[in-house]
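Observations on chain architecture
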Amino acid sequence: MLRISLLPALAACALGLLGPAQAPAQVKVATINMQRAVLEANEIKKAANDMQAKFKPRQDQLERLQKEMATIQAQLQGSQMTPNQQADLTAEGQRKQREATRIQEDLQADVERERTDILQRSSQRMAEVVKKLSEDKGLDLVVDTSTTVFFKPALEITEEAIAAYNKAYPAK
């Protein structure tokens, strides 16, 4: 009988030794629009302008070829020509079409490759900036707004991330 009455007393003592339950820690969370942060960084804006200037001569060449092909097409439809003249003009139009296609494909591939390289580098740098910013602000979690259903605008750090990125990686 004594043994049975001691069991609840021992259980009560054991619970007392465990202490009160710990309250869950407050988690500090922020959101960021990572795509906007990367695309609005000064370095990206400068890179876009540099790419446009770099590829403009090839774009101009492509436009010039397209105008020449339109002129050839109009000549073929509008005027009376000998069969030899018509064949020569048709061959020239086909040659210009092949050249335009080659230039367009090369231009598109070069632009896409350079754009991808720039975006990858900038995205990695932005991730580093966001990590440092979150450490400085004591944040436990930063969530991209593209994967968030709802958040309070006060939680967003996109502007701060853009400013920190522009400071860490000024456009040259």
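Residues numbered from 1 in each chain as written. Predicted model: local features only at pLDDT ≥ 70, side-chain atom pairs only at ≥ 80, totals over all residues. Heavy atoms only, no water.

**What to know about the overall build of the protein chain**
A tally of regular secondary structure across the protein chain gives 5 helices and 2 strands. Along the chain direction, N to C, the helices and strands of the protein chain fall in the order α-β-α-α-α-β-α. Counted over contacts in the protein chain with a minimum sequence separation of 6, partners at least 24 positions apart contribute 87%. Put simply, the protein chain shows about 12,700 Å² of open surface, and 56% of that area lies on carbon and sulfur atoms. (Helix = DSSP H or I, 4+ residues; strand = E, 2+ residues; numbered from the N terminus. Contact = heavy atoms within 4.5 Å. Areas by Shrake-Rupley, 256 points an atom, 1.4 Å probe, with all protein chains shown as cover.)

**Considering the layout of surface pockets**
Quantified by volume, the largest pocket comes out at close to 170 Å³. In terms of lining residues, the largest pocket is bounded by Glu43, Lys46, Ala47, Asp50, Arg121, Arg125, Tyr169, Pro170, Ala171 and Lys172. Elements represented by at least two residues in the lining of the largest pocket include exactly α3 (42–78) and α4 (83–137). Considering each element in turn, the lining of the largest pocket owes the most residues, 4 residues, to α3. For the lining of the largest pocket, a count of residues per class yields 4 nonpolar, no polar and 6 charged. (1 Å grid on protein atoms, 1.4 Å probe; cavity = no way out; pocket = protein on both sides within 12 Å on 5 of 7 lines; lining within 4 Å. Points joined across faces, edges and corners; volume = space filled by probe spheres on them. Nonpolar A, V, L, I, M, F, W, Y, C, P; charged D, E, K, R; others polar.)

**Description of the packing of aromatic side chains**
This model, assessed by the stated rule, comprises 1 aromatic pair. Relative to tyrosine 169, the ring of tyrosine 165 lies with its centre 5.2 Å away and its plane at 45°, an arrangement referred to as tilted. For tyrosine 169, a relative accessible area of 22% corresponds to the partly exposed category. (Phe/Tyr/Trp six-rings, centres within 6.5 Å; stacked < 30°, edge-to-face > 60°. Buried < 20%, exposed > 50% of the residue type's maximum accessible area, 1.4 Å probe, protein only.)

**Regarding the nonpolar core**
If you look at the biggest cluster of nonpolar residues, it comprises 21 residues, and the most contacted ones within it are Ile32, Met126, Val130, Ile157 and Ala161. Every element with two or more residues in this core is listed here: β1 (29–32), α2 (34–39), α3, α4 and α5 (158–168). Looking at this core element by element, the count peaks at 6 residues for α4. With near-sequence residues (within four places) excluded, isoleucine 32 lies in contact with Ala37, Val130, Val142, Val143, Asp144, Thr145, Ile157, Thr158 and Ala161. (Core = buried A, V, L, I, M, F, W, Y, C linked by side-chain atoms within 4.5 Å.)

**Some remarks on the environment of leucine 133**
Position of leucine 133 relative to the elements: it lies in helix α4. Residue leucine 133 is classed as buried on the basis of its relative accessible area, which comes to 12%. Between the alpha carbons of leucine 133 and alanine 161 there is a distance of 7.2 Å; along the sequence they are 28 residues apart. Sequence-distant contacts of leucine 133, that is, excluding residues within four places in its chain, are made with Ile157, Glu160 and Ala161.

**With respect to the environment of glutamine 73**
Assignment of secondary structure puts glutamine 73 in helix α3. On the accessibility criterion, glutamine 73 (42% relative accessible area) is partly exposed. Taking the C-alpha atoms as reference points, glutamine 73 and leucine 89, 16 residues apart in sequence, are found 8.8 Å from one another.

**What to know about the confidence of the model for the protein chain**
For the protein chain, the average pLDDT comes to 88, and 86% of its residues sit at 70 or higher. This model gives residues 1–19 a pLDDT under 50, and the stretch forms 0 contacts once residues within four places in sequence are excluded. (pLDDT = per-residue confidence, 0-100.)

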